[in-house]
Amino acid sequence: MVYDADELIGQSAAFLQTLDAVDAVAALNKPVLLVGERGTGKELLAARLHYRSPRWDAVFIQMNCAAISDDLLESELFGHEAGAFTGAAKRHIGRFERAHDGTLFLDEVATTATRVQEKILRLIEYGQFERLGGTETLVADVRLVAATNQDLVELADDGRFRVDLLDRLAFDVITIPPLREREDDIPLLAEFFAINMAKELDRDYFHGFADDAMDVLCKHTWPGNVRELKNVVERAVYRNDENEPITQIVLDPFASPYRPNSETKSQTATKNARKLLPDLPMDMRHEIEQIEVRLITQALENNRFNQRVAAEALGLSYHQFRHYLRKYELNVEKPQEGDQALATDPSVS
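Before going into details, it helps to say that this report is about the structure given with it. These numbers were taken from a predicted model, which means no experiment stands behind them.

Here's the deal with the side chain of Ser317
No. 1: With respect to the secondary-structure elements, Ser317 resides in the loop between helix H13 (307-313) and helix H14 (318-328).
No. 2: For Ser317, a relative accessible area of 16% translates into the label buried.
No. 3: Contacts of Ser317, omitting those with residues within four sequence positions, involve Asp158 and Ala311.

As for the sheet that holds strand S6 (residues 143-148)
No. 1: Strand order in the open sheet formed by five strands is S2-S3-S6-S1-S7, with parallel pairing between adjacent strands. Across the chains shown, the open sheet's two edge strands, defined by having one partner strand only, are strand S2 (60-64) and strand S7 (173-175). Put simply, the sheet's adjacent strands are angled 20° from each other on average, direction ignored.
No. 2: Direction of pairing for strand S1 (residues 32-35) relative to S6: parallel, over a ladder of four bridges. If you follow Val35 over to S6, its bridge partner there is Thr148.
No. 3: Across the sheet, helix H1 (residues 13-26) touches S1, S6 and S7, and the angle it forms with S7 is around 160°.

Some words on the nonpolar core
No. 1: Core analysis: the biggest nonpolar cluster contains 33 residues, and Leu77, Phe96, Leu104, Leu106 and Ile120 have the highest contact counts within it.
No. 2: Taken together, the elements giving at least two residues each to this core come down to S1, S2, helix H3 (70-78), strand S3 (103-107), helix H5 (114-126), S6, helix H6 (152-157) and helix H7 (163-169).
No. 3: Counting residues in hydrophobic clusters, the runner-up holds 23 residues, among them Ala198, Val226, Leu229 and Val232.

Criteria and cut-off values
- For every chain, the first residue of the written sequence is number 1, and numbering continues from 1 along that sequence.
- pLDDT decides what is reported in this predicted model: residues at 70 or higher carry local features, side-chain atom pairs at 80 or more are listed and counted, and totals for whole chains, interfaces and linings draw on all residues regardless.
- As a rule here, side-chain values come from all non-hydrogen atoms in the structure, and water together with hydrogens is ignored.
- The numbering of helices and of strands both runs from the N terminus, where a helix is a DSSP run of H or I of at least 4 residues and a strand a run of E of at least 2.
- Each residue's exposure class comes from its accessible area (1.4 Å probe, protein chains only) as a fraction of the maximum for that residue type: buried when under 20%, exposed when over 50%, partly exposed otherwise.
- Any two residues having at least one pair of non-hydrogen atoms within 4.5 Å are treated as being in contact.
- Paired strands, as defined in this entry, are two strands with at least two bridges between them according to DSSP.
- An axis is simply a line fitted to the C-alpha atoms; with a helix, the fit covers only the stretch in contact. Between two such axes, the angle follows the N-to-C directions and lies from 0 to 180 degrees.
- In plain words, nonpolar cores are sets of buried Ala, Val, Leu, Ile, Met, Phe, Trp, Tyr and Cys residues tied together by side-chain atoms within 4.5 Å.

Limitation: the analysis is restricted to geometry and does not speak to function.
If you want it as structure tokens, here you go:
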């Protein structure tokens, strides 16, 4: 990534407070956690933190932890020796080793596996690690900046993220405001993206936005934040007559009366839902309870009776899942061969 400070544009109070927080912690040799929705500019703020730190003249390396599998991520972060696993023909130097004396930015850190979290924690605490398949303890002096768009506190409470690693990453937590909380910045960002797009199209001049077009931009909630705004503005520029101000804003490029399968899928789903309904009249509360019991049973069986994994499969927190077990008095011990998979047992709490 090439860092361009000019891309961090804004004058709203929330945005300026975020920049102040980044600049204040940049001078310290401590881990920092950036929290924000997708498209809020976590990568740019991580780069700003590095280039305003005493490590500014050293390397800045970034890694998206969600981009590759857990096994490959461990190798990519810590490296491996030749023969460490099938296909490891030669030694590979990992990101931590390459980032020595500099900064490593780990995006989507919430997606990392437990064993990777353990190794990251050890490196933060002691500055030591081993390559996969290696026996030599190596040292790396790395400033770690992590980012996530998830609630790490909730994940830690549910056992899906190490509490001790969260404690170390959270020396300082900077929560980035979404674009909907930065209304004053929308016209500035829109103008910036539009001018850059006009240059990319080799146009001599950008004629601005019509009032109605800018009104549409300012009133949109921007679930995709700055990244979404950039796409919308650039699309508007290239579709617009280069000699006229922009009048048309297309927020959803998929919106079309000819969009395939949308109505068909809805009709099919309705028909399928009707097929699943039992004959009427019925006891709706009893039927719903039976469905919940079946779902819990299936989730436990599919996940080897691991309650935390079963809860995650159902989109529940561990505490919510335990509530259902108590509600229906379900025994969650793994059955012996030939036994019934689940049985009611009032003694389970």
